[in-house]
Amino acid sequence: MVLCTKVYTKEGEKIRRLLLENKLLNKNYGIVKEGDFLYIPLNEENLKNVNLKDLNPNIEIVEKDIKPKEIKRKLSFREVISKRFRKEIDEGLIALSYDVIGDLVILQISDEIDEKTRKEIGEIAYKLIPCKGVFRRKSEVKGEFRVRELEHLAGENRTLTMHKENGYRLWVDIAKVYFSPRLGGERLRIGKKVGIDDVVVDMFAGVGPFSIACRNARKIYSIDINPHAIELLKKNIKLNKLEHKIIPILGDVREVDVKGNRVIMNLPKYAHEFVDKALDIVEKGGVIHYYTIGEDFEDAIKLFESKCKCEVLEKKIVKSYSPKENVLVIDFKIIEK
């Protein structure tokens with residue numbers, strides 16, 4: 001039973017507004033009409049502080065059996081897509097996962113899905129995911145600059161955005177640089193390990209997410225071969241007020257002469273080709289954060305053990321890469337080179 005006011009229908013709107021203004025309307029229940037009367041549910045908690053007769057002497061209070069309102073929950077993007085495109089999802093042509101970088105969304109939709117349907121899915125994402133623009137991956141990450149082709153689907157057709165994570169901000173151009181928002185937790189992990197006396201070498205810095213995460217270090221060398229990445233890195237250094245710590249370097253890391261006690265190798269697909277350079281950079285007793293792709297950690301550990309005396313400090317799966325492989329990270333302490 002619900003406590004209600006019983007009023008004539010012609011007085012209903014007037015009384016409803018009066019109750020609403022005084023926070024006495026119970027919005028969890030609907031108003032019931034029977035004959036010439038309306039039953040308007042009351043907020044019993046607030047009723048303790050107000051005398052209804054003072055508001056309107058003609059108000060009658062009664063109990064009424066009223067069912068609660070059905071709360072309609074807004075469906076998520078994944079729920080809508082799952083219902084409309086179940087067959088395509090099961091066939092691996094549409095992915096339920098997506099990336100949010102700043103105010104832009106990147107979907108995974110196969111070329112086999114026609115353009116009209118791709119645009120439809122983009123519009124659904126634009127409505128249901130808080131964002132300003134929606135794109136889809138047209139290709140995997142490729143080339144020396146590690147970028148992917150994109151197709152605009154909905155919203156604003158721009159690729160520059162500001163991404164926020166872990167207390168810092170980053171300018172990212174999703175069409176010109178590589179950036180994965182899924183590594184935010186990993187960047188936080190590394191940042192927490194950095195001490196005030198550390199000299200960090202970020203071998204494949206991109207726009208600087210790992211470098212800026214290491215902002216507690218004494219000095220950070222941030223290296224990348226992509227000129228677009230370095231230009232954005234410079235802006236991000238200034239944006240986060242780290243001009244006194246981070247040194248941006250444009251070039252092939254194999255041709256850069258720097259030293260440090262903590263080296264970050266965030267180039268999972270090709271990092272194995274740069275192990276010798278990382279060992280040249282790192283000081284004795286220093287740490288290399290090595291990212292790679294594989295089914296397990298065995299091959300990566302064997303690779304390092306064949307080149308130096310080292311200790312595994314930590315190892316973990318960062319994220320999935322394919323049905324059988326994952327992106328892995330191993331923290332190696334270099335004892336002897």
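In this text the structure is predicted, and so the values were computed from the model without any measurement. (Residues numbered from 1 in each chain as written. Predicted model: local features only at pLDDT ≥ 70, side-chain atom pairs only at ≥ 80, totals over all residues. Heavy atoms only, no water.)

**A short note on the overall build of the protein**
Point 1. Looking only at helices and strands, the protein has eleven helices and 17 strands in total.
Point 2. Rg of the C-alpha trace for the protein: 29 Å, well past the compact-globule value of 20 Å for 337 residues, more than 25% over.
Point 3. Seen through its principal axes, the protein has C-alpha atoms that stretch 90 × 50 × 35 Å.
Point 4. The proportion of buried residues among the 337 residues of the protein is 48%.
Point 5. The long-range share in the protein, meaning contacts at least 24 apart out of those at least 6 apart in sequence, stands at 60%. (Helix = DSSP H or I, 4+ residues; strand = E, 2+ residues; numbered from the N terminus. Rg over C-alpha atoms; globule rule 2.2 N^0.38 Å. Buried < 20%, exposed > 50% of the residue type's maximum accessible area, 1.4 Å probe, protein only. Contact = heavy atoms within 4.5 Å.)

**Re the pattern of salt bridges**
Point 1. Going through the model one piece at a time under the given rule, you end up with 27 salt bridges.
Point 2. In this structure, Arg-86 engages Asp-90 in a salt bridge whose closest nitrogen and oxygen atoms are separated by 3.1 Å. Of the two residues, Arg-86 and Asp-90 are both situated in helix H5 (residues 86–90); the distance of four residues between them amounts to about one turn of the helix.
Point 3. As a salt-bridge pair, Arg-136 and Asp-111 come within 2.6 Å of each other at their nearest N and O atoms. Note that Arg-136 is positioned in strand S7 (residues 133–137) and Asp-111 in the loop between strand S6 (104–109) and helix H6 (115–128), a separation of 25 residues in sequence.
Point 4. Because the salt bridges share partners, they merge into one network encompassing Glu-186, Arg-189, Lys-193, Glu-314, Lys-316 and Asp-331. (Salt bridge = Lys/Arg side-chain N within 4 Å of Asp/Glu carboxyl O.)

**Regarding the sheet that holds S7**
Point 1. Overall, mixed pairing links the four strands, which are arranged S5-S6-S7-S8 in an open sheet. Because the sheet does not close on itself, it has two edges, and the strands there are strand S5 (94–101) and strand S8 (150–155). Adjacent strand axes in the sheet meet at a mean angle of 25 degrees, parallel and antiparallel pairs treated alike.
Point 2. In this structure, S7 lies alongside S8, joined through five bridges in antiparallel fashion. Residue pairing in the sheet places Val-134 in a bridge with Ala-154 of S8.
Point 3. Strands S5 and S6 of the sheet are contacted by helix H4 (residues 77–84), whose axis makes an angle of about 155 degrees with S5. (Pairing = 2+ DSSP bridges. Axes fitted to C-alpha atoms, helices over the stretch in contact; angles between N-to-C directions.)

**Notes on the sheet that holds strand S2 (residues 32–34)**
Point 1. One open sheet holds the four strands; their spatial order is S2-S3-S1-S4, and the pairing between them is antiparallel. The sheet is open, and its two edges are formed by S2 and strand S4 (60–64), each paired on a single side. On average, each strand axis in the sheet is tilted by 35 degrees relative to the strand beside it, whichever way the strands run.
Point 2. For S2 and strand S3 (residues 37–41), the ladder comprises three bridges, and the chain directions are antiparallel. Residue pairing across strands places Glu-34 opposite Phe-37, the latter belonging to S3.

**As for the environment of Phe-204**
Point 1. Within the fold, Phe-204 resides in the loop between strand S11 (199–202) and helix H8 (209–213).
Point 2. Phe-204 sits in the buried class, given a relative accessible area of 10%.
Point 3. Those residues in contact with Phe-204 that lie beyond four places of it in its chain are Arg-146, Ile-223, Asp-224, Val-253, Ile-264, Met-265, Asn-266, Leu-267 and Phe-274.

**Some thoughts on the UniProt feature "domain: SAM-dependent methyltransferase TRM5/TYW2-type" (unreviewed entry) in the protein**
Point 1. Per the UniProt entry, the sites bearing "domain: SAM-dependent methyltransferase TRM5/TYW2-type" (unreviewed entry) are residues 98–336 in this numbering.
Point 2. Measuring from the first to the last C-alpha atom of residues 98–336 gives 43 Å, for a span that is 24% helix and 38% strand. (UniProt positions renumbered as here; feature names shortened; annotations may be inferred.)

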